[in-house]
Amino acid sequence: MRPVLRTFSVLALPLGLTALALSVACGGSSSASSTAPAVPMGTASIILTDAPSDQWSAVEVVVTKVAFLNKADHTKEVVAFQGASARINLVDLDSVGELLASAQIPAGTYDALRITIDPASVNLVKADGTTVAANQIHVLGSSVLVGLSTDLVVTANGSNAVQLDFDLAHPLFLVQLPDGSWAMNLQVRHRPNANGMMGMAQLMFRHRKGTIASVGASSFVFHTDSGNDLTVNVDAGSWFFDADTRTLGSFAGLAAGKHALISLRMQSDGSLWAVRVWYSVNALPTWTPEGHLYGVDRVNNRLLVSTSTGAPRAITIDSDTTFTYRTSLSLGTGTATLANLWSGFKVQVQVKDPLATPMHAQSVNIQRAVDGGQISAADATQLTYAHPVAGDRSYAYTSSFSWWYVGLPGLASTSTSAFANAVTGAGDVRVQGVSDLVWNGGTGAWNAANAIFLPVALPQGTISGSYSGGQLGFTFTNSTGASQAISVSLNPTTGLQPAVLEVANQSGVVTVAPIPVTDWAAKLVSPAKARVAVVPKPDGSFAAYAVVVFSGF
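Residues numbered from 1 in each chain as written. Predicted model: local features only at pLDDT ≥ 70, side-chain atom pairs only at ≥ 80, totals over all residues. Heavy atoms only, no water.

On to the nonpolar core, then. Formed by 45 residues in total, the largest nonpolar core has its most connected members in Leu48, Phe68, Ile115, Leu124 and Met184. By residue number, the principal contributor to this core is strand β4 (residues 56–70), which donates six residues. Counting 38 residues, the second largest nonpolar core, distinct from the first, contains Val305, Val349, Leu437 and Trp439. (Core = buried A, V, L, I, M, F, W, Y, C linked by side-chain atoms within 4.5 Å. Buried < 20%, exposed > 50% of the residue type's maximum accessible area, 1.4 Å probe, protein only. Helix = DSSP H or I, 4+ residues; strand = E, 2+ residues; numbered from the N terminus.)

A word on the sheet that holds strand β13 (residues 182–184). In any sheet, the strands associate via hydrogen bonds between backbone groups, in a parallel or an antiparallel arrangement. Reading across from one edge, β9-β13-β12 is the order of the three strands in this open sheet, with mixed pairing throughout. Edge positions in the open sheet fall to β9 (137–139) and β12 (174–176), since each of these has one partner strand only. This sheet shows a mean twist of 25 degrees between the axes of neighbouring strands, independent of strand direction. Note that β12 and β13 share three bridges and pair antiparallel. Residue Gln176 lies in a different strand from β13, and its bridge partner there is Trp182. (Pairing = 2+ DSSP bridges. Axes fitted to C-alpha atoms, helices over the stretch in contact; angles between N-to-C directions.)

In this fold, Leu168 is placed in the loop between β11 (159–167) and β12. With a relative accessible area of 7%, Leu168 lands in the buried category. C-alpha separation for the pair Leu168 and Val91, spaced 77 residues apart in sequence, amounts to 7.8 Å.

Tallied over the full model, the rule gives two cavities of 30 Å³ or more. Roughly 80 Å³ of volume is contained in the largest cavity. As for the largest cavity, its lining consists of Leu140, Leu172, Val175, Leu177, Ala183, Asn185, Leu501, Val503, Val512 and Val548. Grouping the amino acids of the lining of the largest cavity by side-chain chemistry returns nine nonpolar, one polar and no charged. (1 Å grid on protein atoms, 1.4 Å probe; cavity = no way out; pocket = protein on both sides within 12 Å on 5 of 7 lines; lining within 4 Å. Points joined across faces, edges and corners; volume = space filled by probe spheres on them. Nonpolar A, V, L, I, M, F, W, Y, C, P; charged D, E, K, R; others polar.)

Another aspect to go through is the side chain of Asp436. Its place among the elements puts Asp436 in strand β33 (residues 432–440). Within polar-contact distance, the side chain of Asp436 engages the side chain of Arg368 at 2.8 Å. Contact partners of Asp436, with chain neighbours within four places excluded, come to Arg368, Ala369, Asn447, Ala448, Ala449 and Asn450. (Polar contact = N/O pair within 3.5 Å; in protein donor to acceptor, adjacent residues only side chain to side chain. Contact = heavy atoms within 4.5 Å.)

Let us now look at unusual backbone geometry. A cis geometry characterises the amide bond from Thr357 onward to Pro358, with omega recorded as -5 degrees. If you trace the backbone, Pro358 turns up in the loop between β27 (346–351) and β28 (359–378). Of note, the amide linkage connecting Ser526 to Pro527 takes the cis form, showing an omega dihedral of 5 degrees. Residue placement: Pro527 occurs in the loop between α2 (520–523) and β41 (529–536). One non-glycine residue with positive phi stands out, namely Arg246, at about 55 degrees. Turning to its location among the elements, Arg246 is positioned in the loop between β18 (239–242) and β19 (247–248). Owing to a relative accessible area of 44%, Arg246 belongs among the partly exposed residues under this scheme.

Now for the pattern of salt bridges. What the rule picks out here adds up to 14 salt bridges. Notably, a salt bridge pairs Arg87 with Glu60, separated by 3.5 Å at the nearest N-O pair. Linking Arg87 in strand β5 (residues 73–89) with Glu60 in strand β4, this pair joins segments that are 27 residues apart in sequence. Taking the relative accessible area as the measure of exposure, Arg87 reaches 42% and is therefore partly exposed. Two residues, Lys71 and Asp151, come together in a salt bridge whose shortest N-O distance is 2.7 Å. In this pair, Lys71 is assigned in the loop between β4 and β5 and Asp151 in strand β10 (residues 143–154), connecting sequence segments 80 residues apart. With relative accessibility at 45%, the residue Lys71 sits in the partly exposed group. On the basis of relative accessible area, Asp151 is assigned to the partly exposed category, the value being 33%. Each of Asp165, Arg189 and Arg191 takes part in one network of salt bridges that share partners. (Salt bridge = Lys/Arg side-chain N within 4 Å of Asp/Glu carboxyl O.)

Below, the structure is given as structure tokens:
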């Protein structure tokens, strides 16, 4: 079993989902009894999402509990989910949601929740397919308290939903320690629902596997592989596939006990509706229709799509395969359209026969188009991402283009000149970013809707200039083997401060503690071992996004 390291880090937030267990108190005597008034109840849905990461092909965790905290009294926790089988690959959750649970909870106002994972369940697979050994993973806290940026208000007989975002791109989520092992420090944040519950109809959910528990006149109860039951409605738009006969199926083909893989949509009233349902008497193969593109093979006309195992699956593209962007915009039909796809895209593939080998795509819907990496150039009209092997790719800005620093979308800027000025760098401090792309049907090309500056995690080095006056000096050995020194600014303003931590090794026990602003001058001193992540500023300098100092290693 992996060691759970003691931590005092306020960044190690709990992650938990728990099955609701509420009882009605009764009392009485030999002559009479009374029943307490029924508690008004409403439905709360818990949806997990994730910021993308290109460093990992799998970051798997088992979520064991989620509990809501009443705004008026944080001692009153309401468990909405609890179990031991909700294994989730966080890498798969960018641009698509994992509906963890829809639970009945007491009506009220909630401003926080606690989420818990099983530390022994963590599985890390690097982008190159290498699995990190279990004894090389240290989970710094298994539970996180997540404050909700907007209150979750659950009304009697009403519905609401909360989205939780696991920020894999955060430099402190997974940190490699000086001894080569990895420390996981959960970074979870609340993602407000765009347009409230009305926005739920536009959210795409990850396909769910499970079994049919019961079938009604126009709905069925689905028992998920996470252990919770969902009531799923059907209408004329629901599509069914009988995996036993490998033919189109029907709602009448569903029966209690059958295995199923379903895609869902949620209406503004919180109800769930079936979009596509694959069903079979026997367990369905471990394949999900959505995933990330690991590669585009234009010679053999194939897409390499990630799977739940972390290994890519080859999907053959035929002359009649249709391509769309977010369902509504057509990119084209056939193999020539592969020229407009590349690694990193999140796609949903509908195959002609899910049991065929190899699978052939009927349609490919691009859920999220993205490019990222080193920003090699930028001006007032376009930016360029460097790709030494595949070739650089340039994108014109959309009319609503904006840019910001990761984690600070509220401070977005529309100034393309300031953005271009920030695209600087020296030595190994190469400006990194990621952009969401939108399809321009008029030009038949992708345009950049935004650019998000990502922190550049520098190699381990030393603090060469003690912190003073908002600055510190950091020296490291760069990729050419030369010593490189940079000056890094630290913003002490509340809400804009970098994450500053101390990782200490005391007789084999690793602890992590945040360093408050008042202690920066005492702790960030030369020649402490450290790792620093920086972001560029429009004046050509660099600001600290995170600073980690090591002691006892």
